[in-house]
Amino acid sequence: MTDGQPPDSPIIRIRELRKIYRVGDVDVEALRGVDLDVQRGEFVSIVGPSGSGKSTMFHILGGLTPATSGTVEIDGVDLAKLSEAGRTALRKTKVGFVFQKYNLLPTLTAGENIAIAKNIAGKPVETEDWFRDVLGLLGIDQRLDHKPRAMSGGEQQRVAIARAIVNHPAILLADEPTGNLDTANSEAVLGVLRNLNERLGQTILMITHNPEAAAYGHRVVHMRDGRIVD
Amino acid sequence: MILTLVGVSRGVIEESERRARGVGADIWVRPPASSLISFSTASMPEKLLSFFEQQEHVVLATGSVNHGAGILESLGGIDFDKFERMSGRFRYIQGGPITAPHHILLEDRYAAQKNYKVGQTIRLWNRDWYVVGTYESGKLARMILPLRTVQELAGAEGKLSQIFLKVDKPENIDKVVAALKANPALAGYPIYSVDEWMSLFSVDRIPALRQFIMVVITLGISVGFLVVFLSMYTSVLERTREIGILKSLGASKTYILSILIRETAILSLVGAALGVCATYGTRWIVNNYAGPAFSQIIVKDWWPITAGIAIAGSLLGTLYPAWKAVRQDALEALSYD
């Protein structure tokens with residue numbers, strides 16, 4: 001049980017979620033009433049064409065942008081009630097991001113990229129035992145002293161995954177995590193995500209265009225024109 | 001830049017002071033209406049020397065004629081015998097004393113800068129001069145010629161630019177100065193004890209020098225501020241994506257701001273240290289290549305001042321772009337390439 005929530009209650013609860021962007025003088029409706037529940041420990045793949053609203057939902061779930069209307073609860077926290085500072089704190093404690101472009105800090109080593117996430121969360125930067133195992137599982141335990149430029153795309157993405165989960169987030173949001181990778185590295189990264197889900201019970205939401213990648217999840221959610229279609 | 005300019009301004013003054021002290025005089029008499037950095041035209045009659053030598057406690061009086069570019073690029077014409085009795089003998093690095101009217105002695109540093117050698121004939125003021133010797137610096141002027149030669153060169157036969165007096169005992173210097181100042185025949189002549197004369201060699205006593213230094217420092221601060229400001233602004237722009245990444249990790253505005261400010265503080269401290277090191281380089285360049293009129297010293301008392309200027313300027317220059325950066329939308333920052 002977390003934050004007073006019953007263990008069987010969804011860790012993500014989305015109701016009537018709408019998002020309207022203002023582009024010039026035109027309102028663009030990116031999300032048109034999305035309802036979604038994700039259970040604790042679930043690995044959900046979200047697929048859909050460009051412009052279907054999946055990235056917008058991802059950004060709202062991660063607290064990177066506010067919703068126009070509707071409710072989004074993560075681990076019992078209603079994002080609609082959060083200020084910008086509150087959403088910043090949410091990213092620190094409840095959400096871990098994995099991006100298509102890895103988004104590692106280029107001047108830091110892999111180890112420092114992971115440590116800075118702990119530092120931001122106000123935690124000691126020493127590597128805990130459980131995380132040492134995770135680094136081994138990710139296959140980057142021998143690469144922590146390397147800068148991103150000295151690592152392959154697959155290695156960088158695995159460092160990004162390690163950074164995303166180092167603070168025990170309630171949910172891991174992965175936006176096209178294999179979009180920049182070749183087939184072998186894609187399979188390795190997807191295997192790692194599924195492994196983390198199975199071994200640590202990490203809740204994962206993954207956006208992807210690739211049906212093969214989507215199949216790694218427990219469930220596939222399809223989006224089109226700002227709505228979930230099945 | 002600031003350390004070099006202050007170092008040069010002080011260096012030039014200290015060099016002049018050292019050469020003035022090297023004369024060995026207890027009392028200096030200057031022509032009426034002259035100042036420290038003015039051309040001391042040879043306007044005092046040479047016969048004043050015998051007048052001064054008749055004064056109580058005065059044991060020796062001699063004088064010099066300046067010619068050329070005044071105190072900075074100085075040529076001194078002296079009565080060798082009396083001058084050496086007052087100041088001690090010249091210490092020759094190469095060559096020896098003047099024995100003919102067309103002989104010239106050069107200060108060793110000046111000769112090295114100009115690449116003049118003993119035995120060489122050099123052309124100055126449309127005349128050829130034979131370099132008969134080089135002497136250890138710190139004796140009145142950079143170039144020394146016989147008194148009569150310079151008087152003729154300056155069209156000032158029988159005249160002197162300044163007069164030096166030696167007193168029997170140091171405790172009598174003030175007494176002699178007071179007596180000379182009280183003498184109506186010397187009205188209008190600036191008369192200084194050696195201590196008074198040396199006290200004139202300071203930044204505050206050179207007209208407009210302090211204001212000049214302040215203008216230079218203000219320019220230095222302004223240029224430094226703009227450079228740091230634009231550098232930081234560009235640097236923050238280039239790091240927009242990094243700032244977006246930090247935001248996505250949950251970094252607060254304060255956290256990101258503190259990183260940028262700490263980086264700036266370290267950079268400015270390193271920059272200040274490098275600036276201090278660079279002044280040793282500029283000292284070598286100025287003292288060897290900038291010409292005999294210039295001399296630079298290391299001004300350690302200005303190190304903390306310039307470090308403070310560098311840190312304050314760079315921090316102020318950082319605040320605006322840093323504040324702008326942390327207020328940036330995380331999504332916009334992440335999509336920046």
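Everything here concerns the structure above.
Being a predicted model, the structure only gives us computed values, none of them experimental.

J.: Give a description of the packing of helix α1 (residues 2-21) of chain B against helix α10 (residues 253-289) of chain B that names residues and reports values.
T.: Residues and elements named next belong to chain B. At a closest axis distance of 9 Å, the pairing of α1 and α10 adopts a crossing angle of 40°. In terms of orientation, α1 lies oblique with respect to α10. Handedness of the α1/α10 crossing: right-handed. For the pair α1 and α10, the contacting residues are L3, T4, G7 and V8 in the first and G275, V276, T279, T282, R283 and V286 in the second. Of the residues belonging to the contact of α1 with α10, the class tally is four nonpolar, five polar and one charged.

J.: Explain the nonpolar core to me, using residue names and the numbers behind them.
T.: Judged by nonpolar contacts, the single largest core of 82 residues is most densely connected at L61, I161, A162, I171, L173, L193 and L205 of chain A. Contact partners of I171 of chain A, with chain neighbours within four places excluded, come to I11, I12, I74, K94, V95, T203 and L205 of chain A. Counting residues in hydrophobic clusters, the runner-up holds 45 residues, among them W28, A61, Y110 and W129 of chain B.

J.: Could you give an account of the environment of I311 of chain B, naming the residues involved and the relevant values?
T.: Residues and elements named next belong to chain B. In this fold, I311 is placed in helix α11 (residues 303-326). In this structure I311 comes out as partly exposed when scored by C-beta crowding, with 18 C-beta atoms within 10 Å. When the C-alpha atoms of I311 and G271 are compared, they prove to be 9.1 Å apart, with 40 residues separating the residues in sequence. If we skip the residues at most four places from it in the chain, I311 touches A265, S268 and L269.

J.: Any details on the sheet that holds strand β2 (residues 26-38) of chain A? Residues and values, ideally.
T.: Residues and elements named next belong to chain A. Reading across from one edge, β2-β1-β4-β5 is the order of the four strands in this open sheet, with antiparallel pairing throughout. Bordering the open sheet on either side are β2 and β5 (77-78), each of which pairs with just one other strand. Two elements, strand β1 (residues 12-23) and β2, share 10 bridges in a ladder whose sense is antiparallel. In the sheet register, L17 faces β2, and the bridge partner there is V34. Here helix α1 (residues 54-61) sits on the sheet and contacts β1, β2 and β4 (69-74); the angle it forms with β1, its principal contact strand, is near 110°.

J.: Before we move on, can you summarise the interface of chain A and chain B with the specific residues and values?
T.: With 13 residues of chain A in contact, the opposing surface of chain B contributes 11 residues. Of all the secondary-structure elements, those providing two or more residues to the side of chain A that touches chain B are α2 (84-93) and α3 (110-120) of chain A. At four residues, the largest contribution of residues to the side of chain A that touches chain B is made by α2 of chain A. The class makeup of the residues in the side of chain A that touches chain B is seven nonpolar, four polar and two charged.

J.: Give a description of the sheet that holds strand β3 (residues 43-47) of chain A that names residues and reports values.
T.: All names here are of chain A. Spatially, six strands are ordered β6-β7-β8-β3-β9-β10 in an open sheet, and the strand pairing comes out mixed. Looking at the sheet topology across the chains shown, the edges are occupied by β6 (95-98) and β10 (227-228). Bridge count for strand β9 (residues 219-224) against β10 is two bridges, and the pairing is antiparallel. Bridging from a neighbouring strand, R224 pairs with R227 of β10. The strands touched by helix α5 (residues 153-165) within the sheet are β6 and β7 (171-175), with β6 carrying the most contacts at an inclination of about 170°.

Rules behind the numbers
Residues numbered from 1 in each chain as written. Chains lettered and ligands numbered in written order. Predicted model: local features only at pLDDT ≥ 70, side-chain atom pairs only at ≥ 80, totals over all residues. Axes fitted to C-alpha atoms, helices over the stretch in contact; angles between N-to-C directions. Helix = DSSP H or I, 4+ residues; strand = E, 2+ residues; numbered from the N terminus. Parallel < 35°, antiparallel > 145°, perpendicular 65-115°, else oblique. Left-handed = near helix turned anticlockwise from the far one by under 90°. Contact = placed C-beta atoms within 7 Å. Nonpolar A, V, L, I, M, F, W, Y, C, P; charged D, E, K, R; others polar. Core = buried A, V, L, I, M, F, W, Y, C linked by C-beta atoms within 7 Å. Buried ≥ 20, exposed ≤ 12 C-beta atoms within 10 Å, placed from the backbone. Pairing = 2+ DSSP bridges.

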